[in-house]
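This is what each chain is made of:
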Amino acid sequence: MAYLKSNDLFGKLAPETLFERVPRPILIADHLLTPDNMGALIRLADNIGASEVCFLGREEEHRLGKVRRAAASSRDNIRWYFSEESDLHKIVPEGKTIVAIETANNATCIYDTQLPEDLAFIVGGESHGLSEDLLSQCDMVVYIPVPGPTRSLNVSHAAAVALFEWQRQMRER
């Protein structure tokens, strides 16, 4: 079996045709601390075909050069911005379901949950997760089962699992 460049493979498969049937997702991140994680989320959102990434918090608190470096070419491919708004319904367009990726009392396993077609995923900060206020604004809360001894995922890894599970479900519909 010979190596095939990803652009060649995906050019033939055309996975972007998914967005002829379903809206593009939005990714929101709550007060991240690490520029590498922020850049990784921008790149991930670009990979999945999301429409935008919103970072809750103040832009001037971040080293944007490091964020841009971590995002690589994706920094110019997708809209990403900062917002100090705390009302998710002012950020997320009407009609999108807000889905938190978090461990919480009312959370359901992402693999057992039918995800909506039109959604905005929100992930918490690296050390504190999502606040109770933000969780209360979400329409759904899903968790990712972690069987290993370290029971928490890096924020960009959790977002990747959720976004690609959403894509898998949308392809099967």
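So, a few notes on the structure that sits alongside this text. (Residues numbered from 1 in each chain as written. Predicted model: local features only at pLDDT ≥ 70, side-chain atom pairs only at ≥ 80, totals over all residues. Heavy atoms only, no water.)

### A closer look at the overall build of the chain
And step 1. Within the chain, the regular secondary structure consists of 6 helices and 7 strands.
And step 2. Whereas a compact globule of 173 residues would reach a radius of gyration of roughly 16 Å, the chain reaches 16 Å, a difference of no more than 12%.
And step 3. Overall, the C-alpha framework of the chain stretches about 50 × 40 × 40 Å when taken along its three principal axes.
And step 4. Counting across all 173 residues of the chain, residues that qualify as buried make up 47%.
And step 5. Here the contacts in the chain between residues at least 6 apart in sequence split such that 81% fall between residues at least 24 apart.
And step 6. In the structure as shown, the chain presents an accessible area of about 9700 Å², 47% of it carried by carbon and sulfur atoms.
And step 7. Separation between the mean location of the 18 positive side-chain charges and that of the 25 negative ones in the chain comes to 8 Å. (Helix = DSSP H or I, 4+ residues; strand = E, 2+ residues; numbered from the N terminus. Rg over C-alpha atoms; globule rule 2.2 N^0.38 Å. Buried < 20%, exposed > 50% of the residue type's maximum accessible area, 1.4 Å probe, protein only. Contact = heavy atoms within 4.5 Å. Areas by Shrake-Rupley, 256 points an atom, 1.4 Å probe, with all protein chains shown as cover. Lys, Arg positive; Asp, Glu negative; His and termini not counted. Charge placed at Lys NZ, Arg CZ, Asp CG, Glu CD.)

### Some remarks on the nonpolar core
And step 1. Leu 41, Phe 55, Phe 121 and Trp 166 are the most contacted members of the largest nonpolar core, which has 37 residues in total.
And step 2. Elements with a contribution of two residues or more to this core: strand S1 (26–30), helix H2 (35–48), strand S2 (52–56), helix H3 (64–71), strand S3 (79–83), strand S4 (97–101), strand S6 (119–123) and helix H6 (155–172).
And step 3. A total of 7 residues in this core trace back to one element, the largest contributor, which is H6.
And step 4. If we ignore the near neighbours within four places in the chain, the residues touching Phe 55 are Ala 29, Leu 32, Met 38, Leu 41, Ile 42, Trp 80, Tyr 81, Phe 82 and Ser 83.
And step 5. If you look at the next biggest cluster of nonpolar residues, it comprises 18 residues, including Cys 54, Ala 107, Ile 122 and Leu 130. (Core = buried A, V, L, I, M, F, W, Y, C linked by side-chain atoms within 4.5 Å.)

### Considerations on the packing of H2 against H3
And step 1. Two elements in contact, H2 and H3, have axes whose closest approach is 7 Å; the angle formed by their N-to-C orientations is 40°. Taken together, H2 and H3 sit at an angle that is classed as oblique. Considering only the axes of H2 and H3, their crossing is right-handed. Contacts between H2 and H3 involve Pro 35, Asp 36, Met 38, Gly 39, Ala 40, Ile 42 and Arg 43 on the former and, on the latter, Lys 66, Val 67, Ala 70 and Ala 71.
And step 2. Its residues placed into classes, the contact of H2 with H3 shows 7 nonpolar, 1 polar and 3 charged. (Axes fitted to C-alpha atoms, helices over the stretch in contact; angles between N-to-C directions. Parallel < 35°, antiparallel > 145°, perpendicular 65-115°, else oblique. Left-handed = near helix turned anticlockwise from the far one by under 90°. Nonpolar A, V, L, I, M, F, W, Y, C, P; charged D, E, K, R; others polar.)

### Focus: the pairing of strand S7 (residues 140–143)
And step 1. Pairing of S4 with S7 involves 3 bridges; the strand directions are parallel. Bridge pairing links Ile 101 to Val 142 in S7.
And step 2. Here 2 bridges tie strand S5 (residues 108–109) to S7, and the two strands are oriented parallel to one another. Opposite Thr 108, over in S7, you have Val 142 as the bridge partner. (Pairing = 2+ DSSP bridges.)

### Overview of a nonpolar patch on the surface
And step 1. Taken together, the side chains of Leu 4, Leu 9, Phe 10 and Leu 13 make up a nonpolar region of the molecular surface, amounting to roughly 360 Å² of accessible area.
And step 2. Structurally, Leu 9 can be placed in helix H1 (residues 6–13). (Patch = residues over 30% accessible without salt bridge, like charges linked within 9 Å, V, L, I, M, F, W, Y side chains within 5 Å. Salt bridge = Lys/Arg side-chain N within 4 Å of Asp/Glu carboxyl O.)

### Structural notes on H2
And step 1. Its 14 residues give H2 an end-to-end C-alpha distance of 20 Å, which sits within 8% of 20 Å, the value for a rise of 1.5 Å per residue.
And step 2. Those residues of H2 that sit buried are Pro 35, Asn 37, Met 38, Gly 39, Leu 41, Ile 42, Leu 44, Ala 45 and Ile 48.
And step 3. Contacts from the buried residues of H2 go to S1, S2, H3, S3, S6 and H6.
And step 4. Count one or two residues on from H2 and you reach Gly 49, which has phi positive near 90°. (Expected span 1.5 Å × (residues − 1).)

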